Amino acid sequence: MNKKTFPVRPAHPERICWGCDLYCKVGEMRCGNGAERTQHPCETWGDDWAETALDSDNTAPPAPSGQNVEN
């Protein structure tokens, strides 16, 4: 059985729920967990989310884009 590859830069991430392996359309979520649509990381952290998340020197998750982070 092949494992699904998680898309790094999907064309329309807002049309899909990214919360589980089903990748359901927004209006047809099948997982039944009662939550709203889970956003793709590019919607939360920006287009460079994969490079930032895979940076070995960075142990914390990237801050959401558009927000300043105080040290």
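The shown structure was predicted, so the numbers you read here are calculated from the model rather than taken from an experiment.

K.L.:
How do you make sense of the side chain of H40 when you look at a structure like this?
P.N.:
Checked against the element boundaries, H40 lands in the segment before α1 (41–45). If we skip the residues at most four places from it in the chain, H40 touches F6, P7, V8, P10, P13, W18 and W49.

K.L.:
Whenever I open this one, the pattern of salt bridges confuses me. Can you help?
P.N.:
It is possible for side chains of opposite charge to pair when their charged atoms get near one another. By the definition in use, this model includes 2 salt bridges. For the salt bridge of R9 with E51, the shortest nitrogen-to-oxygen distance reads 3.3 Å. Residue R9 is located in the segment before α1, and its partner E51 is located in helix α2 (residues 49–53); the two are separated by 42 residues in the primary sequence. Judged by relative accessible area, R9 falls into the exposed class, the value being 54%. When the shortest N-O distance is used, the salt bridge between R37 and E43 registers 2.9 Å.

About the criteria used
Residues numbered from 1 in each chain as written. Predicted model: local features only at pLDDT ≥ 70, side-chain atom pairs only at ≥ 80, totals over all residues. Heavy atoms only, no water. Helix = DSSP H or I, 4+ residues; strand = E, 2+ residues; numbered from the N terminus. Contact = heavy atoms within 4.5 Å. Salt bridge = Lys/Arg side-chain N within 4 Å of Asp/Glu carboxyl O. Buried < 20%, exposed > 50% of the residue type's maximum accessible area, 1.4 Å probe, protein only.

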